[in-house]
Amino acid sequence: MDLDAVRTFVAAVDAGRFQDAAAELSITQQAVSKRVATLERILGVRLFTRTARGAKLTIDGQAFLPHARDLLRAEERALASVRPGRRALRVDVIGRRLAPAGLLREFHRACPEVELDVVTLFDADAAIDAIRSGTIDASFRAVAMPGRRLPDDFGSARVFDEPIQLLTGPSHELASARAVTPADLVGYRIWMPGIVPGTEWAAYYDALAAAFGLTIEITGPDFGIEPLLDTIADSRSLVTFVGEETRLAWPAGHGLRRIDVRDPAPVYPHSLLWHRDNPHPALAALRDHFSSGPFDRPDTEIWTPARSQ
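Chains are numbered independently. Their residues run from 1 in the order of the written sequence. Only residues with pLDDT of at least 70 are given local features in this predicted model, and only at 80 or more are side-chain atom pairs given and counted; all residues enter the totals for whole chains, interfaces and linings. Neither water nor hydrogens contribute to the side-chain values; these are computed over all heavy atoms in the structure.

Let us look at the overall build of the chain. Think of it this way: any DSSP run of H or I at least four residues long counts as a helix, any run of E at least two long counts as a strand, and we number them from the N terminus. Counting secondary structure elements, the chain contains nine helices and 13 strands. Taking 309 residues into account, the globule formula puts the C-alpha radius of gyration at 19 Å, and the chain, at 30 Å, lies well above it. Looking at the chain alone, contacts between residues at least 24 apart form 75% of all its contacts between residues at least 6 apart. When the accessible surface of the chain is totalled, it reaches about 15700 Å², and 50% of it is carbon and sulfur. When charges are counted, Lys and Arg are positive and Asp and Glu negative, with His and the chain ends excluded. Note that the charge is assigned to NZ on lysines, CZ on arginines, CG on aspartates and CD on glutamates. Within the chain, one finds 36 positive and 41 negative side-chain charges whose respective centroids are separated by 9 Å. Put simply, the radius of gyration uses C-alpha atoms, and a globule should come to 2.2 Å times the residue count raised to 0.38. The contact definition used throughout considers only heavy atoms, calling two residues in contact when any of these lie within 4.5 Å. For the accessible areas, the method is Shrake-Rupley and the probe is 1.4 Å, while residue cover comes only from the protein chains on display.

Here's what the structure looks like:
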C-alpha cells in the first residue's frame, strides 16, 4: 500500500478540505485528489464524498481511518528503530562469557542511559562485514595480527590486553604451581579443540606456539566448554589456555586450577572496531569510554604477536 496516499488521506480528514491538506503537505490540490483516488482504487471503495463545506468521510472511509492512522504509526516506529540516536547501539562481543562482554558491561554501568543491543558474531571477517553493512555499530576483536589489515574506512582502538591463564586438572603435575612461564610449558600437551583455522584467535595461538615452541593441539570435535572442562579435570596430561576474564563455572568435584603465565605474560589484544562514517551518537560515548587505551596490564613483561606490540 502506498503510504504517501494513506498519509494524504489522513491529512485530508484532519484538515477537512483537500485544499487545506495540500497546503499542509506542500503539494498541489490536484496531487491530493490523485493520491486519494489511487487509494480508493486500491481499496475498491469510496473514502470521501464532496460537499459544499469540503470532503466528508463515507462509511467505508470512517472504517478505514483508524487503520490508516495505525499504518502511519507503524511507519514511524519502523523508521525510529533504525534511525541513529533512536535505536540501540549494536555491539558484537564475540562470546558472552569472554572478556569483551565484561568490557561492555562496564561501559553500561558507566553509561546506563545508552541502550545496547549485544550480539555475538563468529570471527573478525563476519564482524567487519556487519560493521560495513550497518548491521552492527562496533565490535571487540583481536585484529592486530600478522597478515590482517583493517579497511581504510574503519577505525580501531586497542582497549584491553587480557592475560592468558593455564587451566589444569587437579592431578596434572603443574596443578600446584602458583605461576608458570611459557618456557615451563614446552613439551606439555595444550589442548584447544575450539580453535578454528583462519580466525583471529587461531592466528594468536599459532603465533604464541611458534614464539615459545609450544604444542597446541586442536584435534577432536569441539563439543563446547563444559565437555572441555570435564576432560581437563580428569586428565593427567592435557591442559588448556583460557583468558583471565573468561567466565567459567564447573562442578566442585572437578578441582580445576587457573594458573598465571608470567615472564613474559602472553596477553590477548582486544580492540574496538567501528566504521568512520557511522553517525550513531552513542558510538562516540563507547569510544570515549575506552580512550585511555590498554589497561590492567600484568605487573610483568608481556608478550603479544609482533604487530600487536
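The rest of the description comes next.
Within the secondary structure, R141 sits in strand 5 (residues 138–141). For R141, a relative accessible area of 0% gives the class buried. Here E200 takes part through its side chain, which lies 2.7 Å from a polar atom of the side chain of R141. Per-residue accessibility, obtained with a 1.4 Å probe over protein chains only, is compared with the maximum for each type, and a residue is labelled buried under 20%, exposed over 50%, and partly exposed between these values. Identification of polar contacts relies on pairs of N or O atoms within 3.5 Å, with a donor-acceptor requirement for protein atoms, meaning one able to donate a hydrogen and the other able to accept it, and with residues adjacent in sequence counted only if both atoms are side-chain atoms.

What follows covers the packing of aromatic side chains. Pairing of aromatic rings covers Phe, Tyr and Trp, the last counted by its six-membered ring, and requires centre-to-centre distances within 6.5 Å; plane angles under 30 degrees mean stacked, over 60 mean edge-to-face, and any other angle means tilted. For the structure on display, the rule yields 10 aromatic pairs. Following the ring pairs from residue to residue traces out a cluster consisting of Y204, Y205, F212, F241, Y268 and W303.

Time to look at the nonpolar core. For this analysis, a nonpolar core means a set of buried residues of the types Ala, Val, Leu, Ile, Met, Phe, Trp, Tyr and Cys, connected via side-chain atoms within 4.5 Å. Core analysis: the biggest nonpolar cluster contains 24 residues, and L166, Y205, I216 and F241 have the highest contact counts within it. Taken together, the elements giving at least two residues each to this core come down to strand 6 (154–168), helix 7 (200–212), strand 10 (238–243) and strand 11 (257–261). Looking at this core element by element, the count peaks at six residues for helix 7. Non-local contacts of L166, meaning those with residues more than four positions away in its chain, are made with L174, V180, L185, V239, T240, F241, R257, R258, I259 and V261.

Helices are assigned an expected span. That span is 1.5 Å times one less than the residue count. For helix 1 (residues 3–15), built from 13 residues, the straight-helix expectation of 18 Å at 1.5 Å per residue is met to within 8% by its first-to-last C-alpha distance of 18 Å. By the burial criterion, the buried members of helix 1 are A5, V6, T8, F9, V10, A11 and A12. For helix 1, the N-terminal cap is D2; the gap from its side-chain oxygen to the backbone nitrogen of D4 is 2.9 Å.

A282, L283 and L286 are the residues of helix 9 (residues 281–289) that are buried. Seen from one end, helix 9 has its buried residues packed into an arc of 110°, which puts them on one side. In helix 9, the exposed positions that point more than 90 degrees away from the buried face belong to P281 and D288. Elements in contact with the buried residues of helix 9: strand 3 (89–92), helix 5 (99–110), strand 5 and strand 12 (265–275). Think of the arc as the fan of directions from the helix axis to the C-beta atoms.

A few words on the pattern of salt bridges. Basic side-chain nitrogens of Lys or Arg form a salt bridge, by our definition, when they fall within 4 Å of a carboxyl oxygen of Asp or Glu. Under the criterion given, the structure shown has 13 salt bridges. Across the salt bridge formed by D153 and R132, the nearest N and O atoms sit 3.1 Å from each other. Of this pair, D153 sits in the loop between strand 5 and strand 6 while R132 sits in helix 6 (residues 124–133), placing them 21 residues apart in sequence. Between D161 and R158 there is a salt bridge, with its nearest N and O atoms 2.8 Å apart. For D161, a relative accessible area of 0% corresponds to the buried category.

Our next topic: the side chain of S139. Turning to its location among the elements, S139 is positioned in strand 5. Here D92 takes part through its side chain, which lies 2.6 Å from a polar atom of the side chain of S139. Apart from the residues lying within four places of it in its own chain, the contact partners of S139 are D92, A127, I131, S271, L272 and L273.

Interpretation in functional terms is not warranted from these geometric data alone.
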